[in-house]
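# Analysis of the macromolecular model
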Amino acid sequence: MAKKTPPVEYIPDGPIMSCLREPQLMFVRSEKSTFMTNRKMNEEMMKEWKKNIASMPICCGRYIK
């Protein structure tokens with residue numbers, strides 16, 4: 001059987017707490033993410049497709065090519 005480890009005690013002036021008080025930095029890229037680029041392209045394609053569909057004649061509830 002494994003031994004039970006004692007609970008961790010955080011000292012207010014200890015190394016962990018002093019490290020947590022420092023500002024947290026985060027890596028940020030300056031370029032756009034591919035998600036936003038692809039989303040914009042998808043929206044433009046959908047607008048164009050809807051515009052083309054609206055101009056097609058409808059017969060019996062189906063689109064005629």
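As a starting point, this report considers the structure included with it. Since we're looking at a predicted model, the values are computed, not measured.

Counted by the stated rule, this structure contains 1 salt bridge. Among the ionic pairs, Arg 39 bridges to Glu 43, the shortest N-O distance being 3.5 Å. Residue Arg 39 and its partner Glu 43 are both found in helix H2 (residues 34–55); the two are separated by 4 residues, about one turn of the helix. Looking at Arg 39, the relative accessible area reads 44%, which means it is partly exposed. A relative accessible area of 42% means that Glu 43 is categorised as partly exposed.

Here we come to a nonpolar patch on the surface. Nonpolar side chains collect at one region of the surface, where Val 8, Tyr 10, Ile 16 and Leu 20 lie side by side and expose about 450 Å² of accessible area between them. For Tyr 10, the position within the fold is in the segment before helix H1 (15–21). On the accessibility criterion, Tyr 10 (54% relative accessible area) is exposed.

Scoring rules and cut-offs
Residues numbered from 1 in each chain as written. Predicted model: local features only at pLDDT ≥ 70, side-chain atom pairs only at ≥ 80, totals over all residues. Heavy atoms only, no water. Salt bridge = Lys/Arg side-chain N within 4 Å of Asp/Glu carboxyl O. Helix = DSSP H or I, 4+ residues; strand = E, 2+ residues; numbered from the N terminus. Buried < 20%, exposed > 50% of the residue type's maximum accessible area, 1.4 Å probe, protein only. Patch = residues over 30% accessible without salt bridge, like charges linked within 9 Å, V, L, I, M, F, W, Y side chains within 5 Å. Areas by Shrake-Rupley, 256 points an atom, 1.4 Å probe, with all protein chains shown as cover.

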